[in-house]
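Residue strings, one per chain:
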Amino acid sequence: MWDDAFPSFLIGLREGLEAGLIVSILVATLVRADARSRLPQVWTGVLAAIALAMSFGAVLTFTAASLSATAQEAFGGTLSLIAVAFVTAMVFWMRRSARSLSGEIKEKVTSALGMGAGVLVVTSFLAVGREGLETALFLWTTAQAAGESAGPLTGAAVGLLLSAVLCWGLYRRVLKINLTRFFTATGVVLIVIASGVLGYGLRDLQEGGVLPGSTAYAFDLSGSIDAGSWYGTLLQGVFNLTPAMTWLQVIGYGGYLAVVMTLFVRGVRATAPKQPAPAKPTSDREEEAARPARRRPAWVVPVAVVTVPAVIAGLAVALGRPKSATGQTIAVSEKDCGKGFSAPEPGRRTFQMHNTGDKTSEVYLVDPATNAVYGEVEGLAPGTTRALVATVAGGTYAWRCVPSSGTAVTSRAVRVTGGGAAQAVVPVSEKDLAGPLSQYKAYVDQGLAALGGQTHALAADIQGNHLGRARADWLVAHRTYASLGAAYGTFEDFDQKINGRADGLPDGVHDTGFTGFHRLEYGLWHGESAASLTGPAQQLAADTVGLRSAFPHQDFDPSDLPLRAHEILENTLQFELTGDTDEGSGTNLATADANLAGTRELLTVLRPLLTSRSPHLLPTVDADITRLQELLDAAHHGSSWTPVDRLDASARARLNGATGQLLEGLAPVPDLLEIRKSA
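Residues numbered from 1 in each chain as written. Predicted model: local features only at pLDDT ≥ 70, side-chain atom pairs only at ≥ 80, totals over all residues. Heavy atoms only, no water.

J.: Can you tell me about a negative patch on the surface, naming the residues and giving the values?
T.: A cluster of acidic residues, E430, E492, D493, D555 and D557, forms a negative patch at the surface. Position of D557 among the secondary structure elements: in the loop between α16 (530-550) and α17 (560-576). Judged by its relative accessible area of 33%, D557 falls in the partly exposed class. (Patch = residues over 30% accessible without salt bridge, like charges linked within 9 Å, V, L, I, M, F, W, Y side chains within 5 Å. Areas by Shrake-Rupley, 256 points an atom, 1.4 Å probe, with all protein chains shown as cover. Salt bridge = Lys/Arg side-chain N within 4 Å of Asp/Glu carboxyl O. Lys, Arg positive; Asp, Glu negative; His and termini not counted. Charge placed at Lys NZ, Arg CZ, Asp CG, Glu CD. Helix = DSSP H or I, 4+ residues; strand = E, 2+ residues; numbered from the N terminus. Buried < 20%, exposed > 50% of the residue type's maximum accessible area, 1.4 Å probe, protein only.)

Now the structure itself:
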């Protein structure tokens, strides 16, 4: 979280110190001028500036939330560029003004004392308001880059708190800070951070369709850099450098950094502070004599300056969001589906689905012509209400309610005009998955036939005391079994017998219940005799024959196929790439290679369904598979494999990173090929 927090910490510290210094100078000038009664006017201006900044942040947040995903990218990218412009201007202004800041503020305060109360309020408001707006904008952009991390808010809070402490110390004269050096040093760091925000903003604009070149990558180091490692997190969190960057990002990042840093370093040194023009300060007594009788309570102005920005922000959010964004309430029942549905405005919409019937229902927002699904709520119980969020564009929409028992009910269709295009998922039925399931069953049956012969050869090796040959045959047989990963859920008790682990057994690896491949692995690589391993080897051979006989009669749920596309490599990342399942052979990467082969086979049978539903998914996944395969091949030397615990940190990070990226690419498969009820 600190990686996400540091940029916001620095901006909070610097902007807070700027604003705090101004407020400190204002307060000190009034105190020394014997005008303490004017202090509430300063705090009123400060309060107004804070209220404005918070309201501005709320407008940014809620405005973005009501946009479509593409529009959010464009909106965020635009504001990132604006934030970079503000930060750039801020670092140059403070670099130039640090020395003369005190004199300039004192001069303004001295002038304001001879005028009305509103002038001092405006002076403090303008002095603090700019920093507040800059902080809100920069914090919003860094929070967008960090996703769900609480780092930006935490960092900003710590920075602002520290700046308040420093300003208090400066005001009380218990601290001495060379402000020129401080603002110069932090300016250099902020320019580096701003260059990263610029690159992030340009990428957002590319993904939002505003700028071209979204697929023109200057480099892609995803296969060699682990984005989840400490250094990957640091580079991305602090500097917004990612393993893959487009040419536009690189040019923007490098160009901004080179030009702005050069100008900053060569900047003209701050001029000597101006001496404030001599003026006779107005004392509290003179001011009281000249002031007309108070006609309003003292709390009116502070309340007003807080309320007005909040009200304006609320109106901006309410008026800027279409009425339908607040959510139509749609009635759902086994007899009447979609009551209360009217044509929504294009954009990202939230619908409140209320089950008025007495049966649990699945609810889908569909294109009635193609049955493509735009959004869904599963298991909506009677009497309950749940939100369904979907992006609506030009097209025809209807609601389909599928009760737990009975027939599906489809609402009347409505037509939406304008708004571009929205992504929809063409539903998959059990019939659609029947062909892929049949192909995969044939693949498993062929694998089990080969496995039976391999385990019998392994048992014969051990019985004949050919333990060297047995180790080689063990790896061949185990890789065959590992390549059948999508079928594990159908193997019932056979999987525990054939590939069970010693974890949880009372006596661990010495427990009589420890059987199968890992039992033999432990014995073969820990010097056990052939006599002690003959029984477990023969039992393994018998279990594989029994599995092949039972498999055609076991229930293979078609919905398991899409799930296994992701789950096989999840287990690989959890067990094989951690070395957790190594019982002495050091062949976890060989098992990972077999798991990858099984995943590739599964995607082969699912390819037609995936291509028709997401044409861009498989090319990306294929590239990720190739990258991971190359890394695994690098650990394969003839008949041996590099053990996981002997990989250097860089190689291990690349393997984990490539597997993680492939898993991310496979994550949509279960949703794309989920079997959805239609009747």
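J.: Any chance you could break down the confidence of the model for the protein chain for me, citing the residues and the numbers?
T.: With 70% of its residues at a pLDDT of 70 or more, the protein chain has an overall mean of 78. With pLDDT under 50 throughout, residues 321-326 is counted as low confidence; its partners more than four residues away or in other chains account for eleven contacts. (pLDDT = per-residue confidence, 0-100. Contact = heavy atoms within 4.5 Å.)

J.: Outline the side chain of D367, listing residues and values.
T.: For D367, the location among the structural elements is in the loop between β5 (361-366) and β6 (373-380). At 7.1 Å, R415 is the nearest oppositely charged side chain to D367, a buried residue that forms no salt bridge. Those residues in contact with D367, other than ones at most four positions away along the chain, are A372, Y374 and T396.

J.: With reference to specific residues and values, describe the pattern of salt bridges.
T.: In total, this model carries ten salt bridges according to the counting rule given. R548 serves as the salt-bridge partner of D445, at 3.6 Å between the closest nitrogen and oxygen. Linking D445 in helix α12 (residues 430-463) with R548 in helix α16, this pair joins segments that are 103 residues apart in sequence. For D445, a relative accessible area of 27% corresponds to the partly exposed category.

J.: Describe the packing of aromatic side chains, with residues and values.
T.: All told, the structure shown has twelve aromatic pairs when counted by the stated rule. Each ring, one from W474 and one from F517, has its centre 6.4 Å from the other, and the planes form 80 degrees; the classification is edge-to-face. A residue pair is termed long-range when its members are at least 10 positions apart, and W474 in helix α13 (residues 467-482) and F517 in helix α15 (residues 517-524) qualify at 43 residues. A ring pair is formed by F551 and F556, whose centres lie 6.4 Å apart and whose planes are at 75 degrees; its orientation type is edge-to-face. Neither F551 nor F556 differs from the other in exposure class; each is buried. Linked through ring pairs, Y440, Y443, W474, Y481, F491, F517, W525, F551 and F556 together constitute an aromatic cluster. The lysine or arginine in question, K497, covers the ring of F494, its NZ or CZ lying 5.3 Å from the ring centre. (Phe/Tyr/Trp six-rings, centres within 6.5 Å; stacked < 30°, edge-to-face > 60°. Lys NZ or Arg CZ within 6 Å of the ring centre and 35° of its normal.)

J.: Describe in detail helix α19 (residues 617-634), supporting the description with residues and values.
T.: End to end, α19 covers 26 Å across 18 residues, agreeing with the expected 26 Å (1.5 Å per residue, within 8%). Turning to α19, its buried residues are L617, L618, V621, D624, I625, R627, L628, Q629, L631 and L632. (Expected span 1.5 Å × (residues − 1).)

J.: How would you sum up the side chain of T544? Please name residues and give values.
T.: Position of T544 among the secondary structure elements: in helix α16. Judged by relative accessible area, which is 0%, T544 ranks as buried. In terms of polar contacts, T544 uses its side chain to reach the backbone carbonyl oxygen of A541, at 2.7 Å. Beyond its immediate chain neighbours, meaning those up to four positions away, T544 contacts L451, G452, T455 and I498. (Polar contact = N/O pair within 3.5 Å; in protein donor to acceptor, adjacent residues only side chain to side chain.)

J.: Residues and numbers for a nonpolar patch on the surface, please.
T.: Nonpolar side chains collect at one region of the surface, where L161, L162 and V165 lie side by side and expose about 270 Å² of accessible area between them. Examined against the element boundaries, L161 turns out to sit in helix α6 (residues 151-171). Overall, the relative accessible area of 58% leaves L161 in the exposed class.

J.: Tell me about the packing of α12 against α16, and name the residues and values.
T.: α16 packs onto α12 with a crossing angle of 165 degrees between their chain directions and a minimal axis gap of 8 Å. It follows that α12 is roughly antiparallel to α16 by the angle criterion. Handedness of the crossing formed by α12 with α16: left-handed. Seen from α12, the contacting residues are D445, L448, A449, L451, G452, T455, H456, L458, A459, I462 and Q463; seen from α16, they are A530, L533, T534, A537, Q538, L540, A541, T544, V545, L547 and R548. Here the residues of the contact of α12 with α16 sort into 13 nonpolar, seven polar and two charged. (Axes fitted to C-alpha atoms, helices over the stretch in contact; angles between N-to-C directions. Parallel < 35°, antiparallel > 145°, perpendicular 65-115°, else oblique. Left-handed = near helix turned anticlockwise from the far one by under 90°. Nonpolar A, V, L, I, M, F, W, Y, C, P; charged D, E, K, R; others polar.)

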